[in-house]
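Chain and residue survey
This is what each chain is made of:
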Amino acid sequence: MAAAPGAFSLREVLAAFQACVTEQREVLLGPYLQGWRGLVRFLNGLGAIFSFISKDAVTKIQIMESYCGGEQQEEYHTLQSMVSYELSRGLVDLQRRSSHPDSGCRTILRLHRALRWLQLFLEGLRTAQQDASTSAICTDSYNASLAAYHPWVVRKAAVVAFCALPSRNAFLEVMNVGGPEEAVEMLGNALPHIRDVYGITQELYEQHHLLNLP
Ligand code: 1PW
C-alpha cells in the first residue's frame, strides 16, 4: 500500500540518520537533528500518550538547534568538532551540573542513549514474529537501554505508555513505508546506519570519558 501524499514516513527519519556519517566517519549534527525531529513527529503520531516521551527529546533538540544556528555554529558542524570545541573551552560540566548545565555534549549524550533504545526496538520489531507484541518488544528494548538512566517514576510511566502501542503489523503500517514486508526490508537496510551513528558516537564519548556526564 502506498503512503498518502504528504504523509509522514519513518523512511525519512532513517534516511536522515543514513546521511549523518561522512567519509571521514564524522557525524554531521544537521542530519542527526533532522532525524530526531522526524522521530518526534512519528512518536507524536502514535498518540497523546507518547507526547510525554517526545517532550524531553524536543527540549534537547531545541538546545542543540540553538548551538547549531548560533554564533559558534561552525564548531557545531559535527559531533567531533563539538566535542573538541566544548572540551577545549571548558564548556562541559564534568562532575555536576553547574555553570554549563546544558552543554552540547551532555545534551547529545541523552539523545544518544535514546537512539540505542530506538535501534533495539526497531531491530526487535524487524525480527519478531508477525503476531508479536509491540509493547513487549518496546518494553524489553527500553529495559535493556534507556531505563537504566531513568528514575522509577519515568520508567513506570514509559511502560504504561508502551501498552498503548498497536500490534506489530499495525505499527509497521503506521511507519508508512508500504506493506509489512516492505517495512521489514526498509528496516533491514536502514538499521546498519543507525547502528553506525550510535557506534561512532559511543566510541568518541568513550575516548573522551564523556559517557557519564551529569
Ligand atoms: C518507540 C521507541 C522510541 C524511542 C524514542 C526515544 C525518545 C526518548 C525520550 C525518552 C524520554 C523519557 C522522559 C525524560 C527523561 C529525561 O529525564 C532524560 N532524557 C532522556 C532523553 O532520556 C534525561 O534528561 P535529563 O533529565 O538528564 O536532562
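Residues numbered from 1 in each chain as written. Predicted model: local features only at pLDDT ≥ 70, side-chain atom pairs only at ≥ 80, totals over all residues. Heavy atoms only, no water.

1. Section: the overall build of the protein
Of the regular secondary structure elements, the protein holds nine helices and zero strands. Helices (α) and strands (β) of the protein occur, in sequence order from the N terminus, as α-α-α-α-α-α-α-α-α. Projected onto the principal axes, the alpha-carbon positions of the protein cover approximately 50 × 40 × 30 Å. Taking all 214 residues of the protein together, 46% fall into the buried category. Entry remark: accessible area of the protein is about 10600 Å², with carbon and sulfur atoms responsible for 52%. (Helix = DSSP H or I, 4+ residues; strand = E, 2+ residues; numbered from the N terminus. Buried < 20%, exposed > 50% of the residue type's maximum accessible area, 1.4 Å probe, protein only. Areas by Shrake-Rupley, 256 points an atom, 1.4 Å probe, with all protein chains shown as cover.)

2. Quick look at the site of the ligand
Around the ligand, the surrounding shell consists of L43, I53, D56, K60, R106, R110, A114, W117, F121, L146, H150 and V154. Within the side chain of R106, one N or O atom sits 2.9 Å away from an oxygen atom of the ligand. Interatomic distance of 2.8 Å between a side-chain N/O atom of H150 and an oxygen atom of the ligand. Relative to its unbound accessible surface of 690 Å², the ligand loses 85% to contact with the protein. At a threshold of 2 Å from the grid points, most atoms of the ligand map onto the largest pocket. (Near = heavy atom within 4 Å. Polar contact = N/O pair within 3.5 Å; in protein donor to acceptor, adjacent residues only side chain to side chain. 1 Å grid on protein atoms, 1.4 Å probe; cavity = no way out; pocket = protein on both sides within 12 Å on 5 of 7 lines; lining within 4 Å. Sits in = over half its atoms within 2 Å of the grid points.)

3. Notes on the packing of aromatic side chains
If you walk through the whole model with that rule in mind, you get eight aromatic pairs. Centroid distance Y142 to F162: 5.5 Å. Interplanar angle 75°. Geometry classified as edge-to-face. Of the two residues, Y142 sits in helix α6 (residues 134-143) while F162 sits in helix α7 (residues 152-162), which places them 20 residues apart along the sequence. Across the pair, F162 and Y142 agree in class, each one buried. Among the aromatic residues, those joined into a cluster by ring pairs are F42, F121 and F171. The ring of Y149 has R113 lying over it, and the distance from NZ or CZ to the ring centre is 3.8 Å. Across from the ring centre of Y198, 5.6 Å away, lies the NZ or CZ of R116, which sits over that ring. (Phe/Tyr/Trp six-rings, centres within 6.5 Å; stacked < 30°, edge-to-face > 60°. Lys NZ or Arg CZ within 6 Å of the ring centre and 35° of its normal.)

4. A few points about the side chain of K60
By the secondary structure assignment, K60 is in helix α3 (residues 51-68). Each residue touching K60, except ones within four places of it in the same chain, is listed here: R106, T107, R110 and L111. (Contact = heavy atoms within 4.5 Å.)

5. Thoughts on the nonpolar core
Membership of the largest hydrophobic core comes to 64 residues, with the highest contact counts inside it found for Y32, W36, M82 and M175. Counting residues per element, this core draws most heavily on helix α5 (residues 104-127), at 11 residues. (Core = buried A, V, L, I, M, F, W, Y, C linked by side-chain atoms within 4.5 Å.)

6. Considering the packing of helix α2 (residues 29-45) against α3
Two numbers describe how α2 lies on α3: the axes approach to 10 Å, and their chain directions differ by 155°. It follows that α2 is roughly antiparallel to α3 by the angle criterion. In this structure, the crossing between α2 and α3 has a hand that is left-handed. Residues L29, L33, W36, R37, V40, L43 and N44 of α2 pack against S51, I53, S54, A57, V58, I61, M64, E65 and C68 of α3. A breakdown of the residues in the contact of α2 with α3 according to their chemical character gives 11 nonpolar, three polar and two charged. (Axes fitted to C-alpha atoms, helices over the stretch in contact; angles between N-to-C directions. Parallel < 35°, antiparallel > 145°, perpendicular 65-115°, else oblique. Left-handed = near helix turned anticlockwise from the far one by under 90°. Nonpolar A, V, L, I, M, F, W, Y, C, P; charged D, E, K, R; others polar.)

7. Overview of α5
Here α5 is 24 residues long and its end C-alpha atoms lie 34 Å apart, about the 34 Å a rise of 1.5 Å per residue gives. Along α5, 19 of the 24 residues are buried, which leaves the element largely enclosed by surrounding structure. (Expected span 1.5 Å × (residues − 1).)

8. Overview of the UniProt feature "domain: Glycolipid transfer protein" (unreviewed entry) in the protein
According to UniProt, the feature "domain: Glycolipid transfer protein" (unreviewed entry) maps to residues 29-176 in the numbering used here. With 66% helix and 0% strand, residues 29-176 has its two end C-alpha atoms placed 25 Å apart. (UniProt positions renumbered as here; feature names shortened; annotations may be inferred.)

9. A word on the layout of surface pockets
Rolled over the atoms, a probe as big as a water molecule pinpoints where empty space is left. Roughly 620 Å³ of internal volume is contained in the largest pocket. Contributing to the lining of the largest pocket are 28 residues, with I53, A114, W117, L146 and H150 lying nearest its centre. When residues of the lining of the largest pocket are traced back to their parent elements, those giving at least two are α2, α3, α5, α6 and α7. Across the lining of the largest pocket, the residue classes break down as 23 nonpolar, one polar and four charged. (Points joined across faces, edges and corners; volume = space filled by probe spheres on them.)

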